Amino acid sequence: MSHRPSVGRGFALACTMLLLAWTHPAEAQQKPEGEMRWALYVTLSPLWFDPGEVSGQLTPFWVLYALHDALVKPMPGNLMAPSLAESWTVSADQRVYEFKLREGLKFHNGDPFTAEDVKWSFHRAKGSKILHEKVREVVVVGPTRVRFVLHEPWPDFMTFYGTLVSGAGWVVPKKYMEQVGVEGFKKVPESTTRLAMLKRGEVDVAYLLEVPQALEVKRDPNLRLAFSGGIAIWYLDFLDQWDPKSP
């Protein structure tokens, strides 16, 4: 997912890159690119879709590597690789870290990636208490420059911000999240997105299309609209009805 704020490159490949970074980095770089499917031992939590909810354990980062990107993150052969940030500098007094961001990057929805997204993502990140205590302020120097000013020199700043210790360095689109809210951000792709993926050949089957999208599929000679066979009965169970004291 190099140099893109929110471009998924396949969940399994992300897992492979992450895990092999600590095991056989040289071997990982020599292997051909492709798809590897993993049978995970855990159910994915919607909380892991949002970097701000990550508390700094390894498992959620499988999802972050597949969906998002960070200013700096571990990669094969480099445990602190520049990603959304192309470079950074540290002041002589070790109190100021300034990041130069890559230019021309966009999120999935087309919003431009800027320093405002970096600042906003940092402040909303949970599980990063020590970072928030050590950082006095985050200054947007310009659209592609962001500056972290510490209260005092702290050699571990990049360890906490640029590795998997926390999710504070992973960036989400500020404008979009303010529009849809936290819960909306964690939802599965909407019907129009699934249809677009189907047309581009990114997926072979798209489920639960809404009526306008279903009609569009029906009109497209290259696609086939089919009934999934799923019929459900919805009901409401008043559990207190069996309690004689209940109204």
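It should be noted that the structure appears before, not after, this text.
Model, not experiment: these values are computed from the prediction.

What counts as what
- Residues numbered from 1 in each chain as written.
- Predicted model: local features only at pLDDT ≥ 70, side-chain atom pairs only at ≥ 80, totals over all residues.
- Heavy atoms only, no water.
- Pairing = 2+ DSSP bridges.
- Helix = DSSP H or I, 4+ residues; strand = E, 2+ residues; numbered from the N terminus.
- Axes fitted to C-alpha atoms, helices over the stretch in contact; angles between N-to-C directions.
- Contact = heavy atoms within 4.5 Å.
- Salt bridge = Lys/Arg side-chain N within 4 Å of Asp/Glu carboxyl O.
- Buried < 20%, exposed > 50% of the residue type's maximum accessible area, 1.4 Å probe, protein only.

Draft legend 1. Broad picture of the sheet that holds strand β7 (residues 145-150). One open sheet accounts for 4 strands, arranged β4-β5-β7-β6; its pairing is antiparallel. Two strands bound the open sheet, and with one partner strand each, they are β4 (85-90) and β6 (135-142). Recorded for the sheet is a direction-independent mean angle of 20 degrees between the axes of neighbouring strands. Seen against the sheet, helix α4 (residues 115-124) touches β5 (96-101), β6 and β7 and runs at an angle of roughly 165 degrees to β6.

Draft legend 2. Region of the structure containing the pattern of salt bridges. Within the structure shown, the criterion is met by 12 salt bridges. Here Lys-73 ties to Asp-69 by a salt bridge, and the two come within 2.7 Å at their closest N and O atoms. A relative accessible area of 2% places Lys-73 in the buried class. In this structure Asp-69 comes out as buried when scored by relative accessible area, which is 0%. For Arg-147, the salt bridge goes to Glu-98, with nearest N and O atoms at 2.8 Å. One end of the pair, Arg-147, is in strand β7; the other, Glu-98, is in strand β5, and 49 residues separate them in sequence. Residue classification places Arg-147 among the partly exposed residues on the basis of a relative accessible area of 28%. A relative accessible area of 17% means that Glu-98 is categorised as buried. Here the salt bridges share partners, and the residues they tie into one network are Glu-86, Lys-100 and Glu-103.

Note that all results are geometric; they support no functional claim without further evidence.
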